[in-house]
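As a plain string of letters, each chain reads:
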Amino acid sequence: MDMKSNCTISFYRNDLQQTRLKLGKCPVKNCKVNVKNYKVPFNNTEVPFCPEHGISIHSTGFVYYNGPTSDDLATTIKRNLMFNSNYYIEHFLNEKGHKIESNRLCHENSEDAVSYNVFSELFANGGDALKKLVNEITNQPITDDVDLYLWGCKIDLKNNSCVQYEPLIEVRKDLEKDIKPFVTEPDIMLVIPQKVVICIEAKFGSKNTIAKTKDQKQEENNGEKPKSIDGLIEKYCKNNKLIDTNEIFDFTNLPQKFYEQLFRNIVFAATMAKKFENNASWYVVNLRNQHIMNLKSDKPESAPVVKNIRSILQPEYKKRFTQFTWEDIYNKVIKKENYKLANLIWYLKNKSFNCGRAFNIL
């Protein structure tokens, strides 16, 4: 028998109790349901479920769950999207090919859900906030309108349209024509046509992925992106016929850790800007969570990445890579738009991670 729930409420930090989660109980305060009596499918297994609050219970947080049908999934995802949820359902969940793993935004700890909430709401409020953010990233005064792309698709809330970024498609054709289905998909792009291309690799609670060292033997699986350092450099640099990547990279002294997602973002940003945007300026940002980095300050994932990435860039391009935190965006951009972005401020202050505080924002 399929489990279902009619609950459509969204849960935030003050609704939850982290100690209940650690005991395997429904993390919603004062919940009396014995979740061990209910199970729902999750990744080829079953996990405890609270039908009263419509969430499946995991060791690190929860996942909204309303039932097994496609309509149930749409309801489920809307519960984790405080902003512009109908647009997401229409153009990403229901439109095949617009978003890899588009069904996973129902997870409490989904970085895609946080990215969508924050950036779609920044964009929805006239675009001034995005101009300020581009100014912070580029250190240049920005007066032009900024186009927002999420997972390669241009966000157009006013006209309810969503088209893929043509330069991204063209670069994939050249560099990833044999990759299926997980092609490079920049989380967020901020584009001023013919002037600026910014690719943002967003993290909420997860790590930056690290490639295998060149000394490790590896057989690359057919249809997958390379996982080794040598394989990545060969595929995205030596085989890149669109631009001369020697102008950008210096692999003389490879760092101990090679951040493969950030590397691919740099290749794609530079190639799209140089080849298809009239040699526009390009930038890559690693967007991280300061609160999580503080909690994991003694672990490898907290290590600074800027020095690492800049060590493989030629001198004139070192500052094209930088790191921002969600807290930086709040302090430098969102807080200054207090009246216009009051709901987004509330969201960031109350968002949960593992049923506790998500950001270092008071």
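In what follows, the accompanying structure is described. The structure presented is a predicted model; accordingly, all values stated were derived computationally and were not measured. All residue numbers here refer to positions counted from 1 along the written sequence of the relevant chain. In keeping with the model being predicted, local features are shown solely for residues with a pLDDT of at least 70 and side-chain atom pairs are shown and tallied solely at 80 or more, while totals for entire chains, interfaces and linings include all residues. Hydrogens and waters are ignored; side-chain quantities use all the structure's heavy atoms.

Along the chain, the position of D71 falls in helix α2 (residues 70-78). In the structure, D71 is positioned 163 residues away from E234 in sequence and 44 Å away in space, judged by C-alpha atoms. Runs of H or I in DSSP of at least four residues are treated as helices and runs of E of at least two as strands, each being numbered from the N terminus.

Between any two strands, at least two bridges found by DSSP are needed for them to pair. One open sheet holds the 7 strands; their spatial order is β7-β6-β5-β8-β9-β10-β11, and the pairing between them is mixed. At either margin of the open sheet sits one strand with a lone partner, and together these are β7 (161-164) and β11 (321-325). Strand-to-strand twist across the sheet, computed as the mean angle between neighbouring axes with direction ignored, equals 30 degrees. As paired strands, strand β10 (residues 281-288) and β11 are joined by 5 bridges and run parallel to one another. Bridge pairing links L287 to F324 in β11. Against the sheet, helix α5 (residues 128-138) touches β5 (147-150), β8 (188-192), β9 (196-202), β10 and β11, its axis set at about 90 degrees to β8. Each axis is a line fitted through C-alpha atoms, and for a helix only the stretch in contact is used; angles between axes span 0 to 180 degrees, taken between their N-to-C directions. Residue contacts are defined here by distance: any two heavy atoms, one from each residue, within 4.5 Å place the two residues in contact.

The next point concerns the sheet that holds strand β1 (residues 39-42). Judged by pairing direction, the sheet is antiparallel, and its 4 strands sit side by side in the order β1-β2-β3-β4 without closing on themselves. For this open sheet the edge positions go to β1 and β4 (61-64), each flanked by a neighbour on one side alone. Mean inter-strand twist for the sheet, computed between neighbouring axes without regard to direction, equals 45 degrees. Of the strand pairs in this sheet, β1 and strand β2 (residues 45-50) are connected by 4 bridges, and their pairing is antiparallel. Each bridged residue has a counterpart across the sheet, and for K39 the counterpart in β2 is P48.

As a further point, take a positive patch on the surface. Every patch collects residues that have over 30% relative accessible area and no salt bridge, joining them within 9 Å if they carry like charges and within 5 Å if they are nonpolar side chains (Val, Leu, Ile, Met, Phe, Trp, Tyr). Using the Shrake-Rupley algorithm and a 1.4 Å probe, accessible areas are obtained, with residue cover drawn only from the displayed protein chains. The salt bridge definition used is simple: a Lys or Arg side-chain nitrogen within 4 Å of an Asp or Glu carboxyl oxygen. In this tally Asp and Glu are treated as negative and Lys and Arg as positive; neither His nor the chain ends contributes. Taken as the charge centre is NZ of Lys, CZ of Arg, CG of Asp or CD of Glu, depending on the residue. There is a patch of like positive charges on the surface, built from K25, K32, K36 and K39. Summarising the element assignment, K39 is placed in strand β1. Here K39 falls in the partly exposed class, since its relative accessible area comes to 39%. Categorising residues by exposure relies on relative accessible area from a 1.4 Å probe, with only protein chains included: less than 20% of the type maximum marks a residue as buried, more than 50% marks it as exposed, and the intermediate range marks it as partly exposed.

Before going further, it helps to examine the packing of aromatic side chains. In this description, an aromatic ring pair is defined by two values, namely the gap between the centres and the angle between the planes. Pairing of aromatic rings covers Phe, Tyr and Trp, the last through its six-membered ring, and needs centres within 6.5 Å; plane angles under 30 degrees mean stacked, over 60 mean edge-to-face, and all others mean tilted. What the rule picks out here adds up to 23 aromatic pairs. With centroids separated by 4.7 Å and ring planes inclined at 55 degrees, the aromatic side chains of Y149 and Y165 adopt a geometry described as tilted. Of the two residues, Y149 is situated in strand β5 and Y165 in the loop between β7 and α6 (166-175); the sequence distance between them amounts to 16 residues. For Y149, a relative accessible area of 7% puts it in the buried group. Lysine and arginine charges are scored as sitting over a ring when NZ or CZ, respectively, is within 6 Å of the ring centre and within 35 degrees of the ring normal. Above the plane of the ring of W151 lies K99, whose end atom (NZ or CZ) is 5.0 Å from the centre.

With that out of the way, let us pick up helix α8 (residues 260-276). Expected helix span is given by 1.5 Å per residue-to-residue step, counting one fewer step than there are residues. Helix length check: α8 (17 residues) gives 23 Å between terminal C-alpha atoms against 24 Å at 1.5 Å per residue, within 8%. Of all 17 residues making up α8, 14 are buried, and the element is well covered by its neighbours. Two residues or fewer past α8, N278 is found with a positive phi of approximately 60 degrees.

Here the focus is helix α4 (residues 111-124). Since the α-helix turns once every 3.6 residues, residues separated by three or four places project in the same direction. In this model α4 runs 19 Å from its N-terminal to its C-terminal C-alpha over 14 residues, within 8% of the 20 Å that 1.5 Å per residue would give. Summarising burial for α4: 12 of the 14 residues are buried, a large majority. For α4, the complete set of buried residues consists of E111, D112, A113, V114, S115, Y116, N117, V118, F119, S120, E121 and L122. Among the residues of α4, the N-terminal cap falls to S110, whose side-chain oxygen and the backbone nitrogen of D112 are separated by 3.3 Å. One or two residues past the end of α4 sits G126, with phi positive at roughly 90 degrees. N or O atoms closer than or at 3.5 Å make up a polar contact, with two conditions inside protein: a donor-capable atom paired with an acceptor-capable one, and, for residues adjacent in sequence, both atoms drawn from side chains.

The next thing to look at is the pattern of salt bridges. In total, this model carries 13 salt bridges according to the counting rule given. Across the pair D145 and K131 runs a salt bridge, and its minimum N-O distance is 3.6 Å. Of the two residues, D145 is situated in the loop between α5 and β5 and K131 in helix α5; the sequence distance between them amounts to 14 residues. Looking at D145, the relative accessible area reads 59%, which means it is exposed. Under the relative-accessibility criterion, K131 is labelled buried at 17%. Each of K99, D112 and E185 takes part in one network of salt bridges that share partners.

Moving on to the nonpolar core. Residues enter a nonpolar core if they are buried and are Ala, Val, Leu, Ile, Met, Phe, Trp, Tyr or Cys, with the set joined through side-chain atoms within 4.5 Å. One finds Y88, V118, F119, L122, L190 and I334 to be the most contacted residues of the largest nonpolar core, which totals 74 residues. Not counting residues up to four positions away in its chain, the partners in contact with Y88 are I77, L81, L93, K99, S102, L105, Y116 and W151. Counting 38 residues, the second largest nonpolar core, distinct from the first, contains Y149, A211, C237 and W282.

It is worth spelling out the packing of α2 against helix α3 (residues 85-93) at this point. With their axes 10 Å apart at the nearest point, α2 and α3 run at an angle of 135 degrees to one another. Between α2 and α3, the crossing angle belongs to the class labelled oblique. Both α2 and α3 take part in a crossing whose hand is right-handed. Together, L73, A74, I77 and K78 of α2 and S85, N86, Y88, I89 and L93 of α3 make up the contact between the two elements. Roughly parallel covers angles under 35 degrees, roughly antiparallel covers those over 145, roughly perpendicular covers 65 to 115, and oblique covers all other angles. Each crossing is labelled by how the near helix is turned from the far one, with a counterclockwise turn of less than a right angle marking it left-handed and a clockwise turn marking it right-handed.

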